[in-house]
Amino acid sequence: MTAKKIPVVKNGLHGTVKIPGDKSVSHRSIMFGAMNEPGKTVHVTNFLESADCLSTAGVMRSLGAKVEKIADGEMMVTGVGLNGLKEPSAVLDAGNSGTTLRLMMGILAGRSFLSTLVGDASLSRRPMGRVITPLSRMRAKIVGRENNSRLPITVLPADDGEKLKAITYDMPMASAQVKSAILLAGLRADGPVTVVEPYTSRDHTERLLSASGVKIEKSGTAVTIYPTDKLEVPAEIAVPGDISSAAFWLVAGSIIENSELLLTGVGMNETRTGIIDVLKDMGADLTIENERVSGGEPIADIRVKSAKLKAASLTEEIMPRLIDEIPVIAVAALLAEGTTTINGAGELRVKETDRLQAIVDEFNKVAPGHIDGTEDGLIIRGVSNRSELIPAICKSYDDHRMAMSLAVLGSVCGLSIENADCVNISYPVFYDTMEILSK
Ligand code: S3P
C-alpha cells in the first residue's frame, strides 16, 4: 500500500467545520437504546458512522436488538429490555474498539447466556484484566487468554437465579471504560455499586443513565449506581460533536499561519475540555461562541485563529480530560516556543498502539532529537525554525489518532503516512475535510 502524501498547506485553513458526532456518546446511545424498554425506540441524530461505533451496532444486533440506519448520521434503535438480550449465535466482534469491548463486558456480565468477544490485532493486545478483575469480584464468570487478561474473552452464564454482587471498587487508574463497565454491571447487581477513580474520567455513561431514569449519585471522584429493572432512555438523542475530533482543527488552525476556522456543535462536557485549557495556556486564539445544551450535554461553536504558541507543562490530574488529545497536543508542542513536558500519561501506552513510543519514533523522523520519551510522558523541545522539519515517511501504527496528528504536522512541513486509512475508526471524512479547508 502506498503512503498517503500530506501536502504543505500554503495559505492557511479557512472555513466552517461541523464536527462529527462524539464517539463515546454514539456508542452509549446504541448500547443503552438496545436495553430500553421492549419495543421503545431511540432516534439518534449526529450519530458517528465510523468503524468503532458500527462495531457496537453490530454487537447489539447480534444480541437481538434492532439497530437501523434511517439516514446519514441517523439511527433508530428498538429496545429489548434491560434483561432481554439474547444469546448470540456467533462470536461478538468489537473490531478495534476498546469502548465497545469494555462496556459490553459490563453489559454481558452475569447474564443467563454465554458470549464470546473478539477483536482485531490491536484490541487483542490491550489489557482487559482491568475490567475482568472488578467484574469477577461482582461474581461474574469471565475467562480470557493470558490468565484472563486478553481477548478472546468468554463471559459465562450466571448460575440459576444468581445476581451480580454489589461492590465498592477503588480503580487503580482513571478510565471511563472501566468505570462504565462496572456501572453497567451495577444496573443488575443485588445492591448499590460504587466506583472510585483517582481522577474523574468522562461521565457520558452517568449522564445518559441518569437521563434514562437510573439513580446515580456522585461524591468527589466516586460514583454510585442503584440497580434497576428497566431503562427509560430518552426518545431523541442528539449526539454532540466530538471534541476529540475538533482537537485536530484546534491545533491545525493554531499552528498553520493565516488560518481561521469555525468549529460548530462541539461537545463541551468539562470532563473532556482539557485540550481547550491547555491550548489557551499555550497562547492559542480560541473563542467559545453560541454555548447551548444538546442531548443532555453542553455544546458550543469554537473559533480558532492562528497564533504563536508557547510550551506548556501537563501533569497527571489533567490527563483524563484530554487523554485522547495527547498526540495532537504533541504536534502543537513541537511547533511551540520552549520545552513542553507531559507527565502522568502512562495510559497512552495501552491505547490503540503505544502512543508515547509512536510519538517519539515518528515525530523524531520529522524533527530529529526534539522528542524524548519518559516512562509515563514526553519531553518536547519546540522547533525554532520550521524549515528544519523533514518531510519524512511516517507510520500510523493503524492508530487513527496517530494518523490524524501526523496529518496536522504534515500540513506544516509535508510528510507521508503509511496506513493512513485508519482514520475511519473515528473520523472517516478527515482527509476530505482537510482538503476543503486548505483550498
Ligand atoms: C472512552 C474512554 C477513554 C478514551 C476512549 C473512549 C470511552 O478510554 O481513551 O477513546 O468512550 O469511555 P479509557 O477510559 O480507557 O481511558
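Residues numbered from 1 in each chain as written. Predicted model: local features only at pLDDT ≥ 70, side-chain atom pairs only at ≥ 80, totals over all residues. Heavy atoms only, no water.

This part is about the domain arrangement of the chain. How big an interface is tends to be stated in terms of accessible area lost as the parts join. Annotation of the chain at the domain level lists domain 1 (4-21 + 240-437) and domain 2 (23-214). Each of domain 1 and domain 2 was reduced to a C-alpha centroid, and the two centroids are 29 Å apart. Each partner contributes to the interface: domain 1 provides 28 residues, whereas domain 2 provides 24 residues. When domain 1 packs against domain 2, close to 2200 Å² is buried across both sides, 47% of that on carbon and sulfur atoms. Seen at the junction of domain 1 and domain 2, the total is four salt bridges. Its salt-bridge partner being Glu-297, residue Arg-207 comes within 3.9 Å of it at the nearest N-O pair. Summed over the shared surface of domain 1 and domain 2, the result is 15 residue pairs in polar contact (both at pLDDT 80 or more). Mapped onto the side of domain 1 that touches domain 2, the elements with two or more residues apiece are β17 (297-305) and α13 (400-413). (Domains from an automatic or database assignment. Contact = heavy atoms within 4.5 Å. Buried area = accessible area lost by both parts, 1.4 Å probe. Salt bridge = Lys/Arg side-chain N within 4 Å of Asp/Glu carboxyl O. Polar contact = N/O pair within 3.5 Å; in protein donor to acceptor, adjacent residues only side chain to side chain. Helix = DSSP H or I, 4+ residues; strand = E, 2+ residues; numbered from the N terminus.)

This part is about the site of the ligand. Near the ligand, the surroundings consist of Lys-23, Ser-24, Arg-28, Thr-99, Arg-102, Ser-175, Ala-176, Gln-177, Arg-202, Ile-323, Asp-324 and Lys-351. Within the side chain of Ser-24, an N or O atom sits 2.7 Å from an oxygen atom of the ligand. Between the ligand and Lys-351 there is a distance of 2.7 Å, counted from an oxygen atom to a side-chain nitrogen or oxygen. Burial of the ligand by the surrounding chains reaches 95%, relative to a free accessible area of 380 Å². Taken atom by atom, the bulk of the ligand overlaps the largest pocket. Elements with a contribution of two residues or more to the shell around the ligand: α1 (23-34), α3 (98-108) and α7 (176-186). Here the residues of the shell around the ligand are counted per class, giving two nonpolar, four polar and six charged. Counting residues domain by domain, the shell around the ligand receives three or more from each of domain 1 (4-21 + 240-437) and domain 2 (23-214). (Near = heavy atom within 4 Å. Areas by Shrake-Rupley, 256 points an atom, 1.4 Å probe, with all protein chains shown as cover. 1 Å grid on protein atoms, 1.4 Å probe; cavity = no way out; pocket = protein on both sides within 12 Å on 5 of 7 lines; lining within 4 Å. Sits in = over half its atoms within 2 Å of the grid points. Nonpolar A, V, L, I, M, F, W, Y, C, P; charged D, E, K, R; others polar.)

Bringing the sheet that holds strand β15 (residues 260-267) into the picture now. Taken in spatial order, the four strands line up as β2-β15-β17-β16 in an open sheet, and their pairing is mixed. For this open sheet the edge positions go to β2 (14-18) and β16 (285-294), each flanked by a neighbour on one side alone. Across the sheet, the mean angle separating the axes of adjacent strands is 15° when strand polarity is ignored. With five bridges connecting them, β2 and β15 associate as parallel partners. Looking at β15, one finds that Val-17 is bridged to Leu-263. Here helix α9 (residues 243-255) sits on the sheet in contact with β2, β15, β16 and β17, set at roughly 165° to β15. Against the sheet, helix α10 (residues 274-281) touches β16 and β17, its axis set at about 160° to β16. (Pairing = 2+ DSSP bridges. Axes fitted to C-alpha atoms, helices over the stretch in contact; angles between N-to-C directions.)

What the largest pocket holds in volume is close to 590 Å³. Forming the boundary of the largest pocket are 39 residues, of which Ala-174, Ser-175, Ile-323, Glu-347 and Lys-351 lie nearest the centre. Contributions of two or more residues to the lining of the largest pocket are made by α1, α3 and α7. Of the residues contributing to the lining of the largest pocket, the split by class is eleven nonpolar, ten polar and 18 charged. (Points joined across faces, edges and corners; volume = space filled by probe spheres on them.)

Let's shift gears to a nonpolar patch on the surface. Together, Leu-114, Val-143 and Leu-156 line one region of the surface with nonpolar side chains, adding up to about 200 Å² of accessible area. Within the element layout of this structure, Val-143 appears in strand β8 (residues 142-144). (Patch = residues over 30% accessible without salt bridge, like charges linked within 9 Å, V, L, I, M, F, W, Y side chains within 5 Å.)

Time to look at the sheet that holds β8. What the four strands build is an open sheet, ordered β6-β7-β9-β8; its pairing is mixed. Of all strands in the sheet, those bounded by a partner on one side alone are β6 (92-93) and β8. Its contacts with the sheet place α3 against β6, β7 (115-118) and β9 (150-155), and it is angled at close to 175° to β7.

If you trace the backbone, Lys-179 turns up in helix α7. Of the polar contacts made by the side chain of Lys-179, one reaches the backbone oxygen of Arg-202; its length is 3.1 Å. Contacts of Lys-179, omitting those with residues within four sequence positions, involve Met-171, Val-195, Glu-197, Ser-201, Arg-202, Asp-203, Glu-206 and Val-223.

Before going further, it helps to examine the environment of Lys-310. Residue placement: Lys-310 occurs in the loop between β17 and β18 (313-314). Linking Lys-310 and Leu-334, residues 24 residues apart in sequence, is a C-alpha distance of 9.7 Å. At a separation of 3.0 Å, a polar atom in the side chain of Lys-310 contacts the main-chain carbonyl oxygen of Asp-281.

A word on unusual backbone geometry. Along the chain, Leu-151 connects to Pro-152 via a cis peptide bond; the corresponding omega equals -10°. One can find Pro-152 in strand β9. Residues other than glycine seldom take positive phi values, yet Arg-139 does so here, at roughly 85°. Within the element layout of this structure, Arg-139 appears in the loop between α5 (129-137) and β8. Even without being a glycine, Asp-398 presents a positive backbone phi close to 60°. By secondary structure assignment, the location of Asp-398 is in the loop between β22 (393-395) and α13. Here Asp-398 falls in the partly exposed class, since its relative accessible area comes to 44%. (Buried < 20%, exposed > 50% of the residue type's maximum accessible area, 1.4 Å probe, protein only.)

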